[in-house]
Amino acid sequence: MKHFITTQEWDKEELDCLLRHASELKANPLQPLLEGKTIALLFFNPSLRTRSSFEIGAWQMGGHAVVLEPGQGTWAMAFGDGEIMDGGAEEHMSEAARVLSRYCDLIAVRAFPAFVDWSIDRQDHVIRAFAKHATVPVINMETITHPCQELAHIMGLQERFETSDLRGKKYVLTWTYHPKPLNTAVANSAAMIATKFGMDVTLLCPDERFLLDERYMSFAAENAEDSGGSFSVSHDIEASYSGADVIYAKSWGALPFFGSWEKEKPIRDANKHFIVDDAKMELTNGAVFSHCLPARRNVKATDSVMDSPNSMIIEEAENRLHIQKALMAALVGSPVTPQAK
Ligand code: CP
């Protein structure tokens, strides 16, 4: 049984197959590929795009989605092996995963880090526990990576550049300011997928404290080696933007400050100039701009950049619907192989 927890666990050919099928579904949205099938969507955190695109996508394919919000209408859940459940949680995930597996054909989970201890959060223990106990495929709707976002992003770039071959594009993943420390999931994902598709990727961030976890830095380097792309780090805004084909913006919390964010705040506050603005975009090769959304306007990127013809933000969000439909169909239908669609 195949889960979709990170794209790193899927071959490039399998991802290409999903992307091709997503394009077909975009052209012809109503296909009965999930008839009689159900998916449970477990949200431990809020969502606009993920929730609506999964629910609508299941409906468009004749399936049914049930949304569960543990702790808000669904029992609060415990996760630890051997845990003495004398706190607030009434339900252990090991029962929840097995019960939902009796009702549903797929289980999808959104579970952000707790932002207290990265050594715990980096284990991705919530979704890994679901994958261990569920007897149906499990989909990651964003934990410490965001693989559905990755594929929607790549699909958008392929559409913008009018080619499935993104090799050699100069891709900048830039940290941007945000008043709060955010999840590294989208940045981890962007680094992995842009290198997997052979782009020349620069991770632009204020200093070494904003580097991603070693696991994702290593995956990006390995992917670049395999794909013929490259992966490098820069703290030089002007050099990074110069000649870029893609600017992907995201804010994230500096990992060394996990659990003591008050010490990180003055450092992030000193880097508000990482905002994506017209002056920076003018240094690029007419780059496509994108962001996973939600994005704080005039904090992460200016109105002018967000609304420019080069902005791909809405297309990327739309593509969540199409790629997730292809993913659901692949996981409950025939085996996911490069030949199967
Ligand atoms: N990009 C994304 O996952 O959006 P939501 O948080 O609204 O689902």
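Bear in mind that the values here come from a model prediction, so they are computed numbers and not experimental data.

Concerning the packing of aromatic side chains
- Within this structure, the stated rule accounts for 10 aromatic pairs.
- Taking 5.6 Å as the distance between ring centres and 15 degrees as the angle between the ring planes, the aromatic pair formed by Phe115 and Phe258 counts as stacked. Here Phe258 lies in the loop between strand E10 (246–250) and helix H10 (261–269) and Phe115 lies in the loop between strand E5 (106–110) and helix H4 (118–121), a separation of 143 residues in the sequence.
- Given the relative accessible area of 13%, Phe258 is considered buried.
- Consider the rings of Tyr171 and Tyr248, whose centres lie 6.4 Å apart with planes at 50 degrees: the pair is tilted. Of this pair, Tyr171 sits in strand E7 (residues 170–175) while Tyr248 sits in strand E10; the two residues are 77 residues apart in sequence, bridging distant segments of the chain. Summarising the burial analysis for this pair, Tyr171 and Tyr248 share the class buried.

Focus: the packing of helix H7 (residues 185–196) against helix H8 (residues 214–227)
- Two elements in contact, H7 and H8, have axes separated by 7 Å at closest approach and are oriented at 10 degrees. Relative to H8, the element H7 is oriented roughly parallel. Contacts from Asn188, Ala191, Met192, Thr195 and Lys196 in H7 reach Tyr216, Phe219, Ala220, Asn223, Ala224 and Ser227 in H8.
- The class makeup of the residues in the contact of H7 with H8 is 6 nonpolar, 4 polar and 1 charged.

Some points on empty space enclosed by the protein
- A complete count under the given rule lists 2 cavities of 30 Å³ or more for this structure.
- Size it by volume and the second largest cavity reaches roughly 40 Å³.
- Around the second largest cavity, the lining residues are His146, Gln149, Glu150, His153, Val186, Ser189, Ala190, Ile193 and Tyr248.
- Within the residue set of the lining of the second largest cavity, elements represented by two or more residues are helix H6 (147–161) and H7.
- Take the lining of the second largest cavity: its biggest share by element is 4 residues, from H7.
- A per-class count over the lining of the second largest cavity returns 4 nonpolar, 4 polar and 1 charged.

A look at the side chain of Asn45
- Topologically, Asn45 is positioned in the loop between strand E1 (38–43) and helix H2 (49–60).
- With sequence-adjacent residues up to four places away left out, Asn45 is seen in contact with Arg110, Ala111 and Phe112.

Looking at the domain arrangement of the chain
- The domain architecture assigned to the chain consists of domain 1 (7–145 + 320–331) and domain 2 (149–316).
- Relative placement of domain 1 and domain 2: their C-alpha centres are 25 Å apart.
- Each side of the interface is counted separately: domain 1 has 28 residues, and domain 2 has 33 residues.
- Approximately 2,600 Å² of surface area, both sides summed, lies buried where domain 1 meets domain 2, with 58% of it carried by carbon and sulfur atoms.
- Looking only at domain 1, the three residues that lose the most surface to domain 2 are Gln8, Phe115 and Trp118, adding up to 28% of its buried area.
- The interface formed by domain 1 and domain 2 contains 2 salt bridges.
- Residue Lys26 pairs with Glu159 through a salt bridge whose shortest N-O separation is 2.8 Å.
- Counting across the interface, domain 1 meets domain 2 through 15 residue pairs in polar contact (both at pLDDT 80 or more).
- Those elements giving two or more residues to the side of domain 1 that touches domain 2 turn out to be helix H1 (12–27), H4 and helix H13 (313–332).

Comments concerning the side chain of Arg320
- Its location among the elements puts Arg320 in helix H13.
- Despite its burial, Arg320 pairs with no opposite charge; the closest candidate is Glu142, at 6.5 Å N-O.
- A polar atom in the side chain of Arg320 sits 2.7 Å from the side chain of Gln324.
- Leave out the neighbours within four places in its chain, and Arg320 touches Arg49, Thr50, Ser53, His146, Cys148, Gln149 and Ala152.

Brief notes about the state of the cysteines
- This model, assessed by the stated rule, comprises 0 disulfides.
- Free cysteine Cys292: the closest other cysteine sulfur is in Cys148, separated by 13 Å.
- Classification of Cys292 by relative accessible area gives buried; the value is 7%.

Quick look at unusual backbone geometry
- With an omega of 5 degrees, the peptide bond between Leu293 and Pro294 qualifies as cis.
- Even without glycine at this site, Glu142 takes up a positive phi of about 115 degrees.
- With respect to the helices, strands and loops of the structure, Glu142 is situated in the loop between strand E6 (138–140) and H6.
- Locating Leu293 in the fold gives a position in the loop between strand E11 (288–290) and helix H12 (303–306).
- Since its relative accessible area comes to 14%, Leu293 is described here as buried.

Reading guide: rules and limits
- Each chain carries its own residue numbering, running from 1 in the direction its sequence is written.
- Totals for whole chains, interfaces and linings use all residues, but because this is a predicted model, local features are given only for residues with pLDDT of at least 70 and pairs of side-chain atoms are given and counted only at 80 or more.
- As a convention, hydrogens and water are excluded, and side-chain values are obtained from all of the structure's heavy atoms.
- What counts as a ring pair is set by centres within 6.5 Å for rings of Phe, Tyr and Trp (its six-membered ring), and what kind of pair is set by the plane angle: stacked under 30 degrees, edge-to-face over 60, tilted for all other angles.
- Numbering goes from the N terminus for both helices and strands, where a helix is a DSSP run of H or I of at least four residues and a strand is a run of E of at least two.
- Classification of residues uses two cut-offs on accessible area relative to the type maximum, computed with a 1.4 Å probe and protein chains only: under 20% is buried, over 50% is exposed, and between them is partly exposed.
- Helix axes are fitted only over the stretch in contact, all axes being lines through C-alpha atoms; the angle between N-to-C directions runs from 0 to 180 degrees.
- Relative orientations are named as follows: roughly parallel for angles under 35 degrees, roughly antiparallel for angles over 145 degrees, roughly perpendicular for angles from 65 to 115 degrees, and oblique for any other angle.
- Residues are treated as being in contact if the distance between any of their heavy atoms lies within 4.5 Å.
- The nonpolar class holds Ala, Val, Leu, Ile, Met, Phe, Trp, Tyr, Cys and Pro. Asp, Glu, Lys and Arg form the charged class, and all remaining residues, Gly among them, are polar.
- Put plainly, a pocket is an open set of points on a 1 Å grid over the protein atoms alone with protein on both sides within 12 Å along at least five of seven lines, a cavity is a set where a 1.4 Å probe fits but cannot get out, and a lining residue has an atom within 4 Å of a point.
- Grid points are joined across faces, edges and corners, and a volume is the space filled by probe spheres set on the points.
- Throughout the structure description, domain borders are defined by an automatic or database domain assignment.
- By convention, the term buried area covers the 1.4 Å-probe accessible surface removed from two parts as they join, with the contributions of both added.
- Any Lys or Arg side-chain nitrogen located within 4 Å of an Asp or Glu carboxyl oxygen qualifies as a salt bridge.
- Think of a polar contact as two N or O atoms within 3.5 Å of one another; within protein, one of them needs to be a possible hydrogen donor and the other a possible acceptor, and neighboring residues in sequence only count if both atoms come from side chains.
- His is not counted here, nor are the chain ends, while Lys and Arg score as positive and Asp and Glu score as negative.
- Cysteine sulfurs are considered disulfide-paired once they come within 2.5 Å of each other.

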